[in-house]
Amino acid sequence: MGMKETEARGQKAGTKNPRLSVNIAGLKLKNPVMTASGTFGYGEEYSEFVDLNKLGAIVVKGLSITPRMGNPAPRIIETPAGMLNAIGLQNIGITTFIKEKLPFLRQFKTPVIVNFFGDTVNEYVQAAEKLSAADGVHGLEMNISCPNKQAGWRVFGTDPKIMSEVIRDVRKATNLPLIVKLSPNVTDISLMARVAEESGADSVSLINTITAMSVDIKKRKPILANITGGLSGPAIKPVAVRMVWEVYKAVKIPVIGMGGIMTANDALEFLITGARAVAVGTANFVNPMATLEIIQGIERYLIEEGFSDINDIIGSLKV
Amino acid sequence: MGMKETEARGQKAGTKNPRLSVNIAGLKLKNPVMTASGTFGYGEEYSEFVDLNKLGAIVVKGLSITPRMGNPAPRIIETPAGMLNAIGLQNIGITTFIKEKLPFLRQFKTPVIVNFFGDTVNEYVQAAEKLSAADGVHGLEMNISCPNKQAGWRVFGTDPKIMSEVIRDVRKATNLPLIVKLSPNVTDISLMARVAEESGADSVSLINTITAMSVDIKKRKPILANITGGLSGPAIKPVAVRMVWEVYKAVKIPVIGMGGIMTANDALEFLITGARAVAVGTANFVNPMATLEIIQGIERYLIEEGFSDINDIIGSLKV
Amino acid sequence: MIQAGDTYDPLLKRPFSIFRQEDNTLQFLYRIRGKGTLCLSNVKKGDTLDLIGPLGNGYPIPKGDFVAVAGGIGIASLYALIEQHKNRAHAFYGARNKDELLMLNEVSKFSKKICITTDDGSAGKQGLITTPLKVFLRNNHLPVYTCGSMPMLKTIFNIIKDTELKCYASLEENMACGIGACLGCVVKVRSEKLEVRSKKSGVRSQDKKNLTVYKRICKEGPVFDLKDIAWE
Amino acid sequence: MIQAGDTYDPLLKRPFSIFRQEDNTLQFLYRIRGKGTLCLSNVKKGDTLDLIGPLGNGYPIPKGDFVAVAGGIGIASLYALIEQHKNRAHAFYGARNKDELLMLNEVSKFSKKICITTDDGSAGKQGLITTPLKVFLRNNHLPVYTCGSMPMLKTIFNIIKDTELKCYASLEENMACGIGACLGCVVKVRSEKLEVRSKKSGVRSQDKKNLTVYKRICKEGPVFDLKDIAWE
Ligand SMILES: Cc1cc2nc3c(=O)[nH]c(=O)nc-3n(C[C@H](O)[C@H](O)[C@H](O)COP(=O)(O)OP(=O)(O)OC[C@H]3O[C@@H](n4cnc5c(N)ncnc54)[C@H](O)[C@@H]3O)c2cc1C
Ligand SMILES: Cc1cc2nc3c(=O)[nH]c(=O)nc-3n(C[C@H](O)[C@H](O)[C@H](O)COP(=O)(O)OP(=O)(O)OC[C@H]3O[C@@H](n4cnc5c(N)ncnc54)[C@H](O)[C@@H]3O)c2cc1C
Ligand SMILES: Cc1cc2nc3c(=O)[nH]c(=O)nc-3n(C[C@H](O)[C@H](O)[C@H](O)COP(=O)(O)O)c2cc1C
Ligand SMILES: Cc1cc2nc3c(=O)[nH]c(=O)nc-3n(C[C@H](O)[C@H](O)[C@H](O)COP(=O)(O)O)c2cc1C
Ligand code: FES
Ligand code: FES
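Residues numbered from 1 in each chain as written. Chains lettered and ligands numbered in written order. Predicted model: local features only at pLDDT ≥ 70, side-chain atom pairs only at ≥ 80, totals over all residues. Heavy atoms only, no water.

In this structure, what is going on with the sheet that holds strand 7 (residues 144-147) of chain C? I would like to understand it.
Backbone hydrogen bonds are what pair the strands of a sheet, in a parallel or an antiparallel way. All names here are of chain C. Taken together, the seven strands give an open sheet; going across it, the order is 6-5-4-3-7-8-11, and neighbouring strands pair in mixed fashion. Two strands bound the open sheet, and with one partner strand each, they are strand 6 (125-126) and strand 11 (223-225). One ladder, built from seven bridges, connects strand 4 (residues 89-95) with strand 5 (residues 111-118); its direction is parallel. The residue of strand 5 that forms the bridge with Gly-94 is Thr-117. (Pairing = 2+ DSSP bridges. Helix = DSSP H or I, 4+ residues; strand = E, 2+ residues; numbered from the N terminus.)

As structure tokens, this is what we get:
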């Protein structure tokens, strides 16, 4: 793929320093690469491997008002080109997070987005309020793939009505950029994205893990103590790209794409399809430096393909 | 895993010839291993590799009343531990099938199950009638993962109401065992299975492929000419096992499990989880003898684990 | 179709031409393109490979002299033809650069004549192989055998379409089964036979003069008459 | 954590103990168990491996004589301890059969005493290693260092639970990140500290005498005091 071909396409070839920064709901990210919640701890864990200043944004492990024990082990199992997890939302709670983890993160000039959840609408609202009052939280990501204790443990994020309610209430409780993280376990993800948009979300992120299960045929028992878990990793990438495509066509708010992004080429699939930013999850486990290599790879692609601004490729899919 | 441990579990150890036969909706299969529609052609294609008499059942490529051209190429692309296909339901039509393909299949003593579909309820009914009148068709599998031309191309199998209608009408049109093949692209697959059961299905099979997409980042175009395609192969196995588990708990009719079965161990995951039979799809492409090796492997497992009858492990999952 | 790895990534077998048969060996010539061929290149002497074949058709046997047009690794498909019909091939061999002109010595040796081009001019003339081919075919009415990229085949089609020349091309498409079962590897070809059936059965969206049907490259091909293909 | 393959199947890194350091090499001793270790066994001399480490804690340094109890490949974790503290280990080494007693000569050489059992009696006494261990610990009040299967550890725990004996065990659990980020590799341990916090924050389902918390094996472990573990 030489200069010639690029020029023929009418793009500026040979751009040396393409612009990588994108805007998500008022947050300016220096590049479109964030971490996926639950795969990057509270940031600290990866700081030996990654200069956190280089990231587009840091999204921390999902937090709730009260700490959670999480599920018994085994919590993870590998599957073909993927993994299942059933961590059970173990977390230290928002109070401890603000006291013990946030000061570390404030050292960096990278926006911190806090993923949060609750068992009830009220817990969501409380969490959003408390996080919004903390110094150093730049955005919120609502994880709605949790069962709703009040509505008989139906999952918030698979019922448009209860999803809408909880988003509306959280919206009133915070002025921070509000990202709603969509569950892929639905018939029509574009409908869910539209509901999120109408209910006040500034952005949607997708996909969360796909509910799945593995069986130990010797013991004739589920491998995970929790029976089912969430599938992530390269296996789900084609499903995630399809959902980003459907959602991108359905809403005006920015879309954050994730699901199986291992390399810059994977990230580019999402960006071209319409994601304004991407999040890297399982890849961090495989290669702790994955985020940085992906940022570099995206930049290289822009140079090679003659784009001076990342925004020129976002949603550039020709169909 | 020695004899001792097996005996301790109280099972008859050392069974030499375990019974492998299962009953699906009145059809007696000599073993629980069938072929998945669309991955085994019309049977003929694989007869050089597989003694068709050895199979539990042969499920042929989806047929419609009128032949179909199918989609332009590329129709397939590999993804991590999986593949996408957008064949577009290309088929020779039921008339030609009965005339040109069925005589070959009648030579074998293996039940032939015909997968079929239509654009309208009427096309489904016509197809079922025509197939039921043919000599050598032992069962029908309704593919409802197709868009409904009348209901504005909404997919039959993702809307409980239109799904129920089409099944009820087909039920009236045939006395053959009727298997309804469920789409995984739904919020609640157990609901869809219950609807199928109530509407007259004798059995449900699952999962069909998961809608997905891959992007060529050089051309910034979808790789498949059809934009999206269906994901199959090992990548989806954990999702399929989870769905079989949910459906098994929800209905009384037998469940046929499929999705990423490559080996006997994979098939056993489904059987233990509750599938009374399994279908082998993408694996045929990777290893044309996959079905036979899976049958042998299941038998070996039963012997090693001391079971004299396959039915003793079906749904034996301890939770 | 050759299995490339031991695990599920890569998953599917990959299609390859039988490059050469010597003594008791089957030889394949391949270019590392993606992860399948990369895995293949890690195979060690003594390892076992899973393989099914031979599959599909082959080139018709040339009756006299013929033209062989190879684009890059397309030579793998044409090599046996050239070697088995010594001194009868007029070989046209194009590649990106000198290093990608594989088996050049052998091809030269067994061909009656050889013409070479590269994209960068590092060997032969700089340019596309179809340029000298066009000139040659103006004066030499020989059947053409070819394997290479779709743009190359399209250009050859344009050269021969209004002539009496025959051209047999080995086509490529993504494959899954290799034996005609998955219907994944199709090419659109003109069909007269279909006309009758379509009237009855209502296959739509085909005007009668230009009826087309999808053929499986793995089964009815990979070699097709270029003039049968329904070019867009 | 070592990357086992080049593609996405296997996907995750696999955890291994550093078996031995010699000159400028890091050595690992492993048993082929599933596809990760199978891929690893295909690595050729000169290949590059992706690896992060060392991670987590290690065994506390023994002050005098100690007991080392290895179940099968558990020897990989204990070997360095035995070698570095020559003639101070009372080694108890159990395996399925003779062939799985790896490094037996070295272990014998560096240990003060060695006791062997196999499941099939092909070497040492037939039976479980915990049988002679139990007898030994009755008369020898030495700290125990161990690595092996959970049932073995549970038996050891039962032997020592009502004694003053210390036992340090290296635990295993499925891992993804290896650095404490994914919370995948936990073990339930008793916690007194949590008691205070839990009152305020309402962590439920824990009776006060038996408060437990999940610790990450990769980060707070893999070596734990067996008496800290909250056995079911
Ligand atoms: C009948 C036939 C005979 C053949 N004979 C030979 C032969 O003798 N020798 C030979 O070397 N080759 C031959 N080929 C081609 C060979 O089959 C392919 O080169 C091989 O399958 C590539 O496999 P791979 O896994 O290395 O590459 P893949 O990873 O499968 O990639 C193959 C191509 O698809 C593209 N691709 C894959 N995934 C993506 C993506 N996500 N986005 C964008 N592009 C993508 C790649 O860029 C690449 O061009 C033949 C093909 C056919 C059909
Ligand atoms: C801290 C630590 C240190 C270790 N040190 C060493 C060492 O030095 N040497 C060593 O050899 N090992 C060591 N191990 C163990 C080693 O990590 C594992 O043997 C290795 O990860 C196995 O990987 P695999 O891909 O080969 O097996 P996998 O395929 O991952 O299988 C591993 C186990 O899980 C089971 N399993 C996986 N999938 C399924 C399924 N679908 N159904 C049922 N069961 C399943 C397998 O049966 C097997 O028992 C250590 C482990 C830990 C935690
Ligand atoms: C171990 C693990 C823990 C996760 N925890 C959370 C979480 O707390 N909140 C959340 O919204 N998503 C969580 N996720 C989902 C990821 O953020 C991401 O949506 C998903 O893994 C898909 O991306 P990937 O394939 O790149 O991993 C978790 C994923 C994994 C693998
Ligand atoms: C190439 C291809 C064609 C298929 N065609 C059909 C079809 O015509 N009708 C149908 O119901 N399912 C069809 N399927 C879906 C399979 O029958 C099966 O449900 C799915 O592939 C999951 O199983 P697997 O992972 O073992 O392949 C097709 C799948 C593939 C890969
Ligand atoms: S590859 Fe399956 S039909 Fe050709
Ligand atoms: S492996 Fe991720 S926390 Fe231990």
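Would you explain the site of ligand 3 in this entry?
Around ligand 3, a shell composed of 22 residues is seen, among which Ser-37, Lys-181, Gly-233, Gly-260 and Thr-282 of chain A lie nearest. With respect to ligand 3, its neighbouring residues span chains A and D. Within the backbone of Gly-62 of chain A, a nitrogen or oxygen atom sits 3.2 Å from an oxygen atom of ligand 3. Separating an oxygen atom of ligand 3 from a backbone N or O atom of Gly-281 of chain A is a distance of 3.1 Å. (Near = heavy atom within 4 Å. Polar contact = N/O pair within 3.5 Å; in protein donor to acceptor, adjacent residues only side chain to side chain.)

Looking at this structure, how should I read the pairing of strand 12 (residues 203-206) of chain A?
The side chains of a regular strand alternate between both faces of the sheet. Residues and elements named next belong to chain A. Along strand 12, one buried face is formed by Ser-203 and Ser-205 and the opposite face, lined by Val-204 and Leu-206, is buried too. Where strand 11 (residues 178-181) meets strand 12, three bridges bridge the pair, whose relative direction is parallel. Counterpart to Val-180 in the pairing with strand 12 is Val-204. With helix 5 (residues 189-198) bridging strand 11 and the parallel strand 12, this β-α-β connection has right-handed handedness. Across three bridges, the pairing between strand 12 and strand 17 (residues 255-258) is parallel. Looking across to strand 17, one finds that Ser-205 is bridged to Ile-256. (Buried < 20%, exposed > 50% of the residue type's maximum accessible area, 1.4 Å probe, protein only. Right-handed = clockwise from strand over helix to strand, strands pointing away.)

Help me understand the interface of chain C and chain D in this model?
For interface size, the figure often reported is the accessible area lost on association. Residue-level contacts link nine residues of chain C with nine residues of chain D. With both sides pooled, the region where chain C packs onto chain D buries about 620 Å², and carbon together with sulfur makes up 48% of that total. Three residues stand out in chain C for area buried against chain D, namely Thr-7, Asp-9 and Lys-44 of chain C, and they jointly supply 62% of the buried area on that side. Scanning the region where chain C abuts chain D turns up zero salt bridges. Where chain C meets chain D, there are four residue pairs in polar contact (both at pLDDT 80 or more). Looking at the side of chain C that touches chain D, its residues break down into three nonpolar, two polar and four charged. (Contact = heavy atoms within 4.5 Å. Buried area = accessible area lost by both parts, 1.4 Å probe. Salt bridge = Lys/Arg side-chain N within 4 Å of Asp/Glu carboxyl O. Nonpolar A, V, L, I, M, F, W, Y, C, P; charged D, E, K, R; others polar.)

Sorry, what's going on with the environment of Pro-238 of chain A here?
In this fold, Pro-238 of chain A is placed in helix 6 (residues 237-250). Judged by relative accessible area, Pro-238 of chain A falls into the buried class, the value being 1%. In this structure, Pro-238 of chain A is in contact with Thr-79, Leu-84, Ala-212, Met-213 and Leu-231 of chain B, ignoring residues within four places of it in sequence.

Is there a simple way to think about the domain arrangement of chain C in this case?
Residue and element names in this part refer to chain C. Domain annotation of chain C identifies domain 1 (1-54) and domain 2 (66-174). Each of domain 1 and domain 2 has a C-alpha centre, and the two are 25 Å apart. Carbon and sulfur atoms make up 58% of the area that domain 1 and domain 2 hide from each other, which totals about 880 Å². Counting the contacts that link domain 1 with domain 2 gives one salt bridge. Applying the counting criterion to the domain 1 and domain 2 interface returns one residue pair in polar contact (both at pLDDT 80 or more). Taken together, the residues of the side of domain 1 that touches domain 2 break down into four nonpolar, one polar and three charged. (Domains from an automatic or database assignment.)

Would you take a moment to explain helix 6 of chain A for this structure?
Residue and element names in this part refer to chain A. Compared with an ideal rise of 1.5 Å per residue, which puts 14 residues at 20 Å, helix 6 spans 20 Å between its outermost C-alpha atoms and is within 8% of the ideal. Burial of helix 6 is extensive: 10 of the 14 residues sit out of reach of the surface. For helix 6, every residue scored as buried is listed here: Lys-237, Pro-238, Val-239, Ala-240, Val-241, Arg-242, Met-243, Val-244, Trp-245 and Val-247. (Expected span 1.5 Å × (residues − 1).)

Where do I start with the relation of the copies chain B and chain A in this structure?
For these two chains of identical sequence, chain B goes onto chain A by a turn of 180° and a shift of 0.0 Å along the axis, with RMSD 0.0 Å. Taken together, the rotation and translation describe the operation of a two-fold axis. In this assembly the copies share their binding face: 100% of the residues contributing to the interface of chain B also contribute to that of chain A. (Least-squares fit on C-alpha atoms with pLDDT ≥ 70 in both.)

Is there a simple way to think about the site of ligand 1 in this case?
Around ligand 1, the structure places 23 residues, and the nearest of them are Arg-14, Pro-15, Gly-34, Gly-36 and Thr-37 of chain C. Near ligand 1, residues from chains B and C are present, making the site a shared one. Ser-17 of chain C has a polar backbone atom sitting 3.0 Å from a nitrogen atom of ligand 1. Contact distances for ligand 1 include 2.8 Å between a nitrogen atom and a backbone N or O atom of Leu-29 of chain C. Coverage of ligand 1 by the protein chains reaches 75% of its 960 Å² of free accessible surface. Those elements giving two or more residues to the shell around ligand 1 turn out to be strand 14 (215-216) of chain B together with helix 1 (35-41) of chain C. (Areas by Shrake-Rupley, 256 points an atom, 1.4 Å probe, with all protein chains shown as cover.)

What is the right way to look at the interface of chain B and chain A in this model?
In this assembly, 46 residues from chain B lie in contact with 46 residues from chain A. Carbon and sulfur atoms make up 64% of the area that chain B and chain A hide from each other, which totals about 3,900 Å². When the buried surface of chain B facing chain A is broken down by residue, Met-213, Ile-217 and Arg-220 of chain B rank first, second and third, together holding 20% of it. At the junction of chain B and chain A, the tally comes to four salt bridges. Note that Glu-305 of chain A and Lys-218 of chain B form a salt bridge whose closest N and O atoms lie 3.4 Å from each other. Counting across the chain B and chain A interface gives 19 residue pairs in polar contact (both at pLDDT 80 or more). Mapped onto the side of chain B that touches chain A, the elements with two or more residues apiece are strand 13 (210-213), strand 15 (221-222), strand 16 (228-232), helix 6 (237-250), helix 7 (264-273) and helix 9 (290-305) of chain B. In terms of residue class, the side of chain B that touches chain A is made up of 25 nonpolar, 11 polar and 10 charged.

How should the pattern of salt bridges be read in this particular structure?
Side chains that carry opposite charge are capable of pairing whenever their charged atoms lie near each other. Going through the model one piece at a time under the given rule, you end up with 42 salt bridges over all chains. Ionic pairing is found between Asp-169 of chain B and Lys-172 of chain B, a salt bridge with its closest N-O pair at 3.4 Å. With a gap of three residues between them, Asp-169 of chain B and Lys-172 of chain B both fall in helix 4 (residues 160-173), about one helical turn apart. On the accessibility criterion, Asp-169 of chain B (29% relative accessible area) is partly exposed. In this structure Lys-172 of chain B comes out as exposed when scored by relative accessible area, which is 70%. Because the salt bridges share partners, they merge into one network encompassing Lys-218 and Arg-220 of chain A together with Glu-305 of chain B.

I would appreciate a short explanation of unusual backbone geometry in the present structure.
Leave glycine aside and you will find that most residues have negative phi; peptide bonds, for their part, are mostly trans. Geometrically, the link from Ala-73 of chain A to Pro-74 of chain A is a cis peptide bond, its omega value of -5° lying close to zero. Inspection of the secondary structure puts Pro-74 of chain A in the loop between strand 4 (58-63) and strand 5 (76-79). Following Leu-206 of chain B, the chain continues to Ile-207 of chain B via a peptide bond in cis, the omega torsion being 5°. Unlike most non-glycine residues, Asp-23 of chain D shows phi in positive territory, near 50°. Classification of Asp-23 of chain D by relative accessible area gives exposed; the value is 80%.

Explain helix 5 (residues 150-160) of chain D to me, please; I cannot follow it from the model alone.
Residue pairs spaced three or four apart in an α-helix point in one direction, given the helix's 3.6 residues per turn. When helix 5 of chain D is considered as a whole, its buried residues turn out to be Met-152, Leu-153, Ile-156, Phe-157, Ile-159 and Ile-160 of chain D. Axial view of helix 5 of chain D: buried residues confined to an arc of 160°, hence all on one face. (Arc of directions from axis to C-beta.)

How do you make sense of the nonpolar core when you look at a structure like this?
Nonpolar side chains in soluble globular proteins tend to end up buried together. Counting 320 residues, the largest nonpolar core has Leu-182 and Ile-298 of chain A together with Leu-182 and Ile-298 of chain B as the members making the most contacts within it. Once residues lying within four places of it in the same chain are set aside, the contact partners of Leu-182 of chain A are Ile-144, Met-163, Ile-189, Met-192, Ala-193, Val-204, Ser-205, Leu-206, Ile-207, Asn-208 and Val-247 of chain A. (Core = buried A, V, L, I, M, F, W, Y, C linked by side-chain atoms within 4.5 Å.)

Is there a simple way to explain the relation of the copies chain C and chain D in this structure?
Put simply, the two copies of the chain differ by a rotation about an axis and a shift along that axis. Expressed as a screw operation, the relation of chain C to chain D combines 0.0 Å of axial shift with a rotation of 180°, fitting to an RMSD of 0.0 Å. Residue by residue, 100% of the interface of chain C is reproduced at the interface of chain D, so both copies engage with the same surface.

Whenever I open this one, the packing of aromatic side chains confuses me. Can you help?
In this description, an aromatic ring pair is defined by two values, namely the gap between the centres and the angle between the planes. Counted according to the given criterion, the structure contains 26 aromatic pairs over all chains. With a centroid separation of 6.0 Å and 70° between ring planes, the pair formed by Phe-116 of chain A and Tyr-124 of chain A is classed as edge-to-face. Judged by its relative accessible area of 0%, Phe-116 of chain A falls in the buried class. Clustering of aromatic rings is evident, with ring pairs tying together Tyr-59, Phe-66, Tyr-145 and Tyr-168 of chain C. One cation-aromatic arrangement involves Arg-75 of chain A over Tyr-214 of chain D; the distance from NZ or CZ to the ring centre is 4.6 Å. (Phe/Tyr/Trp six-rings, centres within 6.5 Å; stacked < 30°, edge-to-face > 60°. Lys NZ or Arg CZ within 6 Å of the ring centre and 35° of its normal.)

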